[in-house]
Amino acid sequence: MQTLVVDHPLVAHKLTTLRDVRTDSPTFRRLADELVTLLAYEATRDVRVTDVTVDTPLAPAHGVRLARPAPLVVPILRAGLGMLDGMTRLLPTAEVGFLGMIRDESTLKAQTYATRLPEDLSGRQCYVLDPMLATGGTLAAAVHFLFDRGAEDVTAICLLAAPEGLAHLDEAFQGIGKPIRVVTAALDERLNENGYIVPGLGDAGDRLYGVV
Ligand SMILES: O=P(O)(O)OC[C@H]1O[C@H](OP(=O)(O)OP(=O)(O)O)[C@H](O)[C@@H]1O
Ligand SMILES: O=c1cc[nH]c(=O)[nH]1
Ligand SMILES: [Mg+2]
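Per an unreviewed UniProt entry, the protein chain is named Uracil phosphoribosyltransferase, and its organism is Microbispora corallina. On record in UniProt, under Function (unreviewed entry), the comment for the protein chain is "Catalyzes the conversion of uracil and 5-phospho-alpha-D-ribose 1-diphosphate (PRPP) to UMP and diphosphate."

Here it is, written out as structure tokens:
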């Protein structure tokens, strides 16, 4: 598995405000949206393209277009939904699948309550959106869903990651023979006794959409 921590002053600036407990929900949503677009720029570095030639007003010009089939973007509900618009702004032709998952707060195990994905993902590049990679249980389950349907590679875009979550994914997908990448704005220190990322930003879903 490959991990990329995007090192850029604009990313660090926006992430700092996102973490701040005084940041309200509307500002949090706007910053999450802006951050995902910056992260997606790096995360899509290996997106498949095909060569094309277009005519400028002066002469033919060689260039590229996104290859078919289009990439699949998969936000993990609920918090991943806050990253969808920022991603599709950059990749407007992408298709979107959905996974609804919630972590049981006592066992920290991920439970799936909704799946809406294409049956056949053969040859598809997939981008999973979830702001928090904590124990890694949720993301590991999501990646399994995609590989089980034939996805060619999976790139996860996260706002924050914990070392424990990256280690979990490394172990879970060792020897799978398919590329997995995690692109994140920061690698934090650790998880606390409740499985929350420290220093983190709290519960991303609650900060985006309110406590339910
Ligand atoms: O790496 P893990 O330990 O599995 O934890 C990370 C998951 O926890 C959060 O979702 P949550 O269960 O709070 O659901 P929500 O998005 O509906 O708030 C977060 O958005 C991730 O999906
Ligand atoms: O720190 C964390 C861990 C899991 N889910 C969150 O929203 N935040
Ligand atoms: Mg939550």
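After that view, the rundown keeps rolling.
Enquirer: Give me the site of ligand 1: which residues, what numbers.
Expert: Around ligand 1 sit 16 residues in total, of which Arg-103, Asp-130, Thr-135, Gly-136 and Thr-138 are the nearest. At 3.0 Å from an oxygen atom of ligand 1 is found a side-chain nitrogen or oxygen belonging to Arg-78. In this structure, an oxygen atom belonging to ligand 1 sits 2.8 Å away from a side-chain N or O atom of Arg-103. Its free accessible area being 500 Å², ligand 1 has 93% of it covered by the protein chains. Secondary-structure elements contributing two or more residues to the shell around ligand 1 are strand 6 (98–103), strand 9 (132–133) and helix 4 (137–148). Classifying every residue of the shell around ligand 1 gives seven nonpolar, five polar and four charged.

Enquirer: Tell me about the UniProt feature "binding site: uracil" (unreviewed entry) in the protein chain, and name the residues and values.
Expert: With numbering aligned to this structure, UniProt lists the feature "binding site: uracil" (unreviewed entry) at Ile-197, Gly-202, Asp-203 and Ala-204. Mapped onto the fold, Gly-202 is located in the loop between strand 13 (197–198) and helix 6 (204–209). Using a relative accessible area of 34% as the deciding quantity, one classes Gly-202 as partly exposed. Here Gly-202 is in contact with Met-132 and Tyr-196, once residues within four sequence places are set aside. Relative to the elements of secondary structure, Asp-203 occurs in the loop between strand 13 and helix 6.

Enquirer: Explain the state of the cysteines residue by residue, including any values.
Expert: Should the sulfur atoms of two cysteines be covalently bonded, the bond is a disulfide. With the rule as written, the count across this model stands at zero disulfides. Unpaired in this structure, Cys-126 has its nearest cysteine sulfur neighbour in Cys-158, at a distance of 15 Å. A relative accessible area of 0% places Cys-126 in the buried class.

Enquirer: An account of the site of ligand 2 is requested, with residue identities and associated values reported.
Expert: Neighbouring residues of ligand 2: Arg-103, Met-132, Ala-134, Gly-195, Tyr-196, Ile-197, Gly-202, Asp-203 and Ala-204. The backbone of Gly-202 places a nitrogen or oxygen atom 2.8 Å from a nitrogen atom of ligand 2. One nitrogen or oxygen atom from the main chain of Ala-204 is found 2.8 Å from an oxygen atom belonging to ligand 2. Contact with the protein chains covers 88% of the free accessible surface of ligand 2, which is 240 Å².

Enquirer: How would you explain the side chain of Asp-188 if you had to name every residue and give the values?
Expert: With respect to the helices and strands, Asp-188 occurs in the loop between strand 11 (180–187) and strand 12 (190–191). Exposure remark for Asp-188: the relative accessible area of 7% places this residue in the buried category. Only 2.8 Å separates the side chain of Asp-188 from the side chain of Arg-19, close enough to count as a polar contact. One polar contact links the side chain of Asp-188 to the main-chain amide nitrogen of Gly-200, over a distance of 2.8 Å.

Enquirer: Give me the packing of aromatic side chains: which residues, what numbers.
Expert: Counted under the stated rule, the structure contains one aromatic pair. Their ring planes at 75 degrees and their centres at 6.3 Å tell us that Phe-147 and Phe-173 sit as a pair that is edge-to-face. Remark: Phe-173 occurs in the loop between helix 5 (163–172) and strand 11 and Phe-147 occurs in helix 4; sequence separation between them is 26 residues. Phe-147 sits in the buried class, given a relative accessible area of 9%. Directly above the ring of Tyr-196 sits Arg-103, whose terminal nitrogen or CZ lies 5.4 Å from the centroid.

Enquirer: Lay out the pairing of strand 10 (residues 153–161) with the relevant residues and their values.
Expert: Along strand 10, nine of the nine residues are buried, which leaves the element largely enclosed by surrounding structure. Sheet analysis places strand 8 (residues 125–129) next to strand 10, joined by five bridges and oriented parallel. Each residue of the ladder has a partner; that of Leu-129, found in strand 10, is Ile-157. In this sheet, strand 10 lies alongside strand 9 in parallel orientation, the contact comprising two bridges.

Thresholds applied
- Residues numbered from 1 in each chain as written.
- Chains lettered and ligands numbered in written order.
- Predicted model: local features only at pLDDT ≥ 70, side-chain atom pairs only at ≥ 80, totals over all residues.
- Heavy atoms only, no water.
- UniProt positions renumbered as here; feature names shortened; annotations may be inferred.
- Near = heavy atom within 4 Å.
- Polar contact = N/O pair within 3.5 Å; in protein donor to acceptor, adjacent residues only side chain to side chain.
- Areas by Shrake-Rupley, 256 points an atom, 1.4 Å probe, with all protein chains shown as cover.
- Helix = DSSP H or I, 4+ residues; strand = E, 2+ residues; numbered from the N terminus.
- Nonpolar A, V, L, I, M, F, W, Y, C, P; charged D, E, K, R; others polar.
- Buried < 20%, exposed > 50% of the residue type's maximum accessible area, 1.4 Å probe, protein only.
- Contact = heavy atoms within 4.5 Å.
- Disulfide = S-S within 2.5 Å.
- Phe/Tyr/Trp six-rings, centres within 6.5 Å; stacked < 30°, edge-to-face > 60°.
- Lys NZ or Arg CZ within 6 Å of the ring centre and 35° of its normal.
- Pairing = 2+ DSSP bridges.

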